[in-house]
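# Results of the structural survey
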Amino acid sequence: NPQTDFDFWTVKASLSGETLWTARHGSDFNCEDRIWASALDNAGNLVVCGGTIASLHMDWDFQVVKYNPDGKQLWSWRCDLSNHGDDRLTASAVACDNSIYLTGSAPNRQNASRRDADVVIVRLSSAGDTIWTRIIDGGAYLDDGGIAIAVDKFGNCYVAAKVTNSYRSTDIALLKYSPTGRLIWRRSIDGPGHKSDFPTGLLLNFRDEPIVIGAATGSTTGFDYYIGLFDTLGRARWQQTFDAAGRVDIPSAVCLDSSGNIVVTGQSTAAASFDILTLSYTPSGRLCWSHRYNGECNGADRGSAVAAAADRIYVGGSSDGLTGYPDLVVLALSTTDSDADSISNRLLWESRYCGGGTGESKVIALSVLSDGLLAAGYACRPGTSFDYLLLRFKGK
């Protein structure tokens, strides 16, 4: 917005691609506002979550806005946490009772430097009132923060966080809180290399058990895919790491297929650059299959979203294109061995979208429809720079 800098901007589209409504929300200070997460409640209301610049000192506050299905703003909530510093919201989830859980980071109360942040968890009521706030210090006076959050059917919330350990490197922390804000348990995950490890995603399986994905430093490798399944008491059922070539492999997104298999996608270092690497694990932790995608330019290819249909897996991301900038890419992968005699044959189809501008085009989220697929993201186009992009694939 020329008068207010960046605002929250929300669009609802029909399945035929028509714009049903748009909504804009700007902060009181006419400063920068950005959406970083969103979720739907049981009534079809949309909760958009992100950050707003708090002051001329350029610090962020948490910001949440709720809209009804017709685009009417029901309420907005803003939170300036301890030390009035840089508070960053990263993820949100909606519980069965429509209360809202948030996680992110905020400067430490005792040491307010930007390098010392704590994990933050907030629960809001469905009406936007703060029920409780928890701030967790990793203890090593460095950068801690909540990365992903999920809520089970009882209202317990799980948070995957990055925390600094006593060796001044980072571990993955998995925390479980009751609906009243009581810490039930906390588990620390340290990779084989005992160096930098961090989470990138979290979801619950069909038994409400948490699955954590992230990057873990191997004993003789760089970052490896990390996938761990824990029971509701915090005990590890199994943990796996996957190294492709001894270098950098970082997962970005995870989903469950109809059989409860865990599907993970992200980026994996290849000979020239990154490829999209997608893995499937059984509920017991056995690797079912892997698929590597090297795009048309043998350049940087990164997976950022994954979704499962009855007989296939959809992967979205970005892939270096012929213009020299990344194109948006969507892949359809077979989940049945009869359709895929080898890893190379698992790819059923791919679709690319070239924005044509001097920047990246990328998938942010995928949603499986009864008759196809919906891909949401952005495209860099000539003359307009970055635009919202919604693509629908039918009958594929």
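So, here's what we can say about the structure. (Residues numbered from 1 in each chain as written. Predicted model: local features only at pLDDT ≥ 70, side-chain atom pairs only at ≥ 80, totals over all residues. Heavy atoms only, no water.)

### Details of the overall build of the chain
A count of helices and strands for the chain gives zero helices and 29 strands. Against the 2.2 N^0.38 benchmark of 21 Å for 396 residues, the chain shows a C-alpha radius of gyration of 21 Å, consistent with a compact globule. In terms of principal-axis extent, the alpha carbons of the chain reach across some 55 × 50 × 40 Å. For the chain, buried positions account for 55% of its 396 residues. Accessible surface computed for the chain: about 17,200 Å², of which carbon and sulfur atoms make up 50%. The chain carries 35 positive and 44 negative side-chain charges, and their two centres are separated by 3 Å. (Helix = DSSP H or I, 4+ residues; strand = E, 2+ residues; numbered from the N terminus. Rg over C-alpha atoms; globule rule 2.2 N^0.38 Å. Buried < 20%, exposed > 50% of the residue type's maximum accessible area, 1.4 Å probe, protein only. Areas by Shrake-Rupley, 256 points an atom, 1.4 Å probe, with all protein chains shown as cover. Lys, Arg positive; Asp, Glu negative; His and termini not counted. Charge placed at Lys NZ, Arg CZ, Asp CG, Glu CD.)

### Re the packing of aromatic side chains
Inspection of every chain in the model, using the stated rule, returns ten aromatic pairs. Aromatic ring contacts, followed pair by pair, group Tyr101, Trp132 and Tyr177 into a single cluster. (Phe/Tyr/Trp six-rings, centres within 6.5 Å; stacked < 30°, edge-to-face > 60°.)

### Side note on the nonpolar core
Of all hydrophobic cores here, the largest spans 17 residues; its most connected members are Ile121 and Cys157. At the level of elements, β7 (88–94), β9 (117–124), β10 (130–136), β11 (145–151), β12 (157–164) and β13 (170–177) are the ones that each hand at least two residues to this core. With residues near it in sequence (within four places) discarded, Cys157 still touches Tyr101, Ile121, Trp132, Ala150, Val151, Leu175, Lys176 and Tyr177. (Core = buried A, V, L, I, M, F, W, Y, C linked by side-chain atoms within 4.5 Å. Contact = heavy atoms within 4.5 Å.)

### Overview of the pattern of salt bridges
Scanning all chains against the criterion turns up 17 salt bridges. A salt bridge links Arg237 to Glu209, with the nearest nitrogen and oxygen atoms 2.7 Å apart. In this pair, Arg237 sits in strand β18 (residues 236–242) while Glu209 sits in the loop between β15 (197–204) and β16 (210–217), placing the two residues 28 residues apart along the sequence. Look at Arg237 and you get partly exposed, because its relative accessible area is 43%. Measuring nitrogen to oxygen at the nearest pair gives 3.2 Å for the salt bridge that ties Asp275 to Arg292. Note that Asp275 is positioned in strand β21 (residues 274–281) and Arg292 in strand β22 (residues 287–293), a separation of 17 residues in sequence. For Arg292, a relative accessible area of 32% gives the class partly exposed. Overlapping salt bridges bring together Arg207, Glu209 and Arg237 as one network. (Salt bridge = Lys/Arg side-chain N within 4 Å of Asp/Glu carboxyl O.)

### Concerning the pairing of strand β19 (residues 249–256)
Of all eight residues that make up β19, seven are buried, and the element is covered over most of its length. Where β19 and strand β20 (residues 262–269) come together, seven bridges link them in antiparallel fashion. Bridge pairing in β20 places Ala253 opposite Thr265. Where β19 hands over to β20, the hairpin turn is made up of five residues, of which Gly260 adopts a positive phi near 85°. (Pairing = 2+ DSSP bridges.)

### Examining unusual backbone geometry
Of note in the backbone geometry, Asp208 takes a positive phi value of approximately 60° without being a glycine. Looking at the element boundaries, Asp208 is found in the loop between β15 and β16. Given a relative accessible area of 13%, Asp208 falls into the buried group. Not every positive phi belongs to a glycine, and Ser385 is a case in point at roughly 60°.

### Quick notes on the sheet that holds strand β24 (residues 312–320)
Across a sheet, paired strands are connected by hydrogen bonds in the backbone, their directions being either parallel or antiparallel. The four strands are arranged β23-β24-β25-β26 in an open sheet whose pairing can be described as antiparallel. Here the strands that pair on one side only, and so sit at the sheet edges, are β23 (301–308) and β26 (347–353). Put simply, the sheet's adjacent strands are angled 20° from each other on average, direction ignored. Pairing between β23 and β24: seven bridges, direction antiparallel. Its bridge partner being in β24, Arg302 is matched across the sheet by Ser318. (Axes fitted to C-alpha atoms, helices over the stretch in contact; angles between N-to-C directions.)

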